[in-house]
Amino acid sequence: MKTRVQFRLRIYRDDSIAFGPGKIAVLEAVAETGSISAAARQLGMSYRRAWMLIDEMNNALSSPAVNTAAGGSRGGGTALTPVGEEIVKHYRAIENAARLATAADVRALTRLLAP
């Protein structure tokens, strides 16, 4: 038997999700690829979906998480701002802290599962 535990932290601003698993994944993929389209391909989502996640996040923030440069002869590019880097760092730190804080209870629950 294989078990999996998944925490899904979401932080809302009014009725929209400012930070959540999908938005953090897009930020990480943009940081890795330097491109929204490459990040979308890596995550198996449409460019439009990736763009909407970034746009929603940027609109929820006082400073953007992502900067984009239009394409052209030199090509475009997308990069995380320092704010975007902080978002990823703190989000992952919260996930790790939650995992550590709940480890004993998670073990106790998983022991109750049928083999």
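The shown structure was predicted, so the numbers you read here are calculated from the model rather than taken from an experiment.

**What to know about the overall build of the protein**
The helix and strand inventory of the protein stands at four helices and four strands. Ordered by position from N to C terminus, the α and β elements of the protein give β-β-α-α-α-β-β-α. Here the C-alpha radius of gyration of the protein, 17 Å, is well above what a compact globule of 115 residues would show, namely 13 Å. Each principal axis of the C-alpha atoms in the protein carries an extent, and together these give about 60 × 30 × 25 Å.

**What about the layout of surface pockets?**
In this approach a probe as big as a water molecule rolls over the atoms, and the regions it shows empty are the leftover space. In this structure, the largest pocket occupies an estimated 190 Å³ of space. What lines the largest pocket is Val5, Gln6, Phe7, Arg8, Leu9, Pro21, Tyr91, Arg92, Glu95, Arg99, Thr102 and Val106. Taken together, the residues that form the lining of the largest pocket break down as six nonpolar, two polar and four charged.

**Digging into the side chain of Asn58**
With respect to the element layout, Asn58 can be found in helix α3 (residues 47-60). Looking at Asn58, the relative accessible area reads 18%, which means it is buried. A distance of 2.6 Å separates the side chain of Asn58 from the backbone nitrogen of Ala65, its partner in a polar contact. Those residues in contact with Asn58 that lie beyond four places of it in its chain are Pro64, Ala65 and Val66.

**Section: the pairing of strand β2 (residues 16-19)**
Pairing of strand β1 (residues 11-13) with β2, which is carried by three bridges, proceeds in the antiparallel orientation. Looking at β2, one finds that Ile11 is bridged to Phe19. Where β1 folds back onto β2 in an antiparallel hairpin, the turn is made up of two residues, including Asp14, whose phi is positive at roughly 55°.

**With respect to the pattern of salt bridges**
Across all of its chains, the model carries four salt bridges by this definition. For Lys89, the salt bridge identified is with Glu86, shortest N-O distance 3.4 Å. A residue pair is termed a helical-turn pair when its members lie 3 or 4 positions apart in one helix, as Lys89 and Glu86 do in helix α4 (residues 82-111) at three residues. Given the relative accessible area of 49%, Lys89 is considered partly exposed. Within the structure, one salt-bridge network assembled from shared partners comprises Glu28, Arg92 and Glu95.

**Structural notes on the confidence of the model for the protein**
Averaged over every residue, the pLDDT of the protein is 93; the share at 70 or more is 96%. Mean pLDDT across the elements of the protein ranges from a minimum in strand β3 (residues 66-69), with 87, to a maximum in helix α1 (residues 21-33), with 97.

**Focus on the packing of α1 against α3**
At a minimum axis distance of 10 Å, the contact between α1 and α3 shows a crossing angle of 105°. Viewed along their axes, α1 and α3 adopt a mutual orientation that is roughly perpendicular. Across the interface between the two elements, Gly22, Lys23, Val26, Leu27 and Val30 from α1 touch Ala50, Leu53, Ile54, Glu56 and Met57 from α3. Here the residues of the contact of α1 with α3 sort into seven nonpolar, one polar and two charged.

**Some thoughts on the nonpolar core**
In terms of nonpolar packing, the biggest core is built from 21 residues, with Leu27, Val30 and Ile87 touching the most fellow members. Contributions of two or more residues to this core are made by β2, α1, α2 (36-43), α3 and α4. With near-sequence residues (within four places) excluded, Val30 lies in contact with Ser35, Ile36, Ala39, Ile54, Thr78, Ala79 and Leu80.

Rules of the game
Within each chain, residue numbers correspond to sequence positions counted from 1 in written order. Residues qualify for local features only when their pLDDT is at least 70, as the model is predicted, and side-chain atom pairs are given and counted only at 80 or more; totals for whole chains, interfaces and linings, by contrast, use all residues. Computation of side-chain values: all heavy atoms of the structure, hydrogens and water removed. Going along the chain from the N terminus, every DSSP run of H or I of four or more residues is numbered as a helix, and every run of E of two or more is numbered as a strand. As a reference, a globule follows 2.2 Å times the number of residues to the power 0.38, and the radius of gyration itself is taken over C-alpha atoms. We place a 1 Å grid over just the protein atoms. Points where a 1.4 Å probe fits but has no way out form a cavity, open points with protein on both sides within 12 Å along at least 5 of 7 lines form a pocket, and any residue with an atom within 4 Å of a point lines it. Grid points are joined across faces, edges and corners, and a volume is the space filled by probe spheres set on the points. Residue polarity follows a fixed list, in which Ala, Val, Leu, Ile, Met, Phe, Trp, Tyr, Cys and Pro are nonpolar, Asp, Glu, Lys and Arg are charged, and the others, Gly among them, are polar. Only protein chains enter the accessibility calculation, which uses a 1.4 Å probe. A residue is then buried if its area is under 20% of the maximum for its type, exposed if over 50%, and partly exposed in between. Polar contact is the term for a pair of N or O atoms within 3.5 Å; when the atoms are in protein, one must be able to donate a hydrogen and the other to accept it, and sequence-neighboring residues count only if both atoms are side-chain atoms. Residue contacts follow a heavy-atom distance rule, with two residues in contact if any of their heavy atoms lie within 4.5 Å. Any two strands with at least two DSSP-identified bridges between them are counted as paired. Here a salt bridge means any side-chain nitrogen of Lys or Arg lying within 4 Å of a carboxyl oxygen belonging to Asp or Glu. pLDDT expresses, on a scale from 0 to 100, how confident the predictor is about each individual residue. In this description, a line fitted to the C-alpha atoms serves as the axis of each element, helices being fitted only across the stretch in contact, and the angle between N-to-C directions of two axes falls anywhere from 0 to 180 degrees. Any angle that falls under 35 degrees is termed roughly parallel, while one over 145 is termed roughly antiparallel, one within 65 to 115 roughly perpendicular, and all others oblique. Working definition of a nonpolar core: buried Ala, Val, Leu, Ile, Met, Phe, Trp, Tyr and Cys residues. They are joined through side-chain atoms within 4.5 Å.

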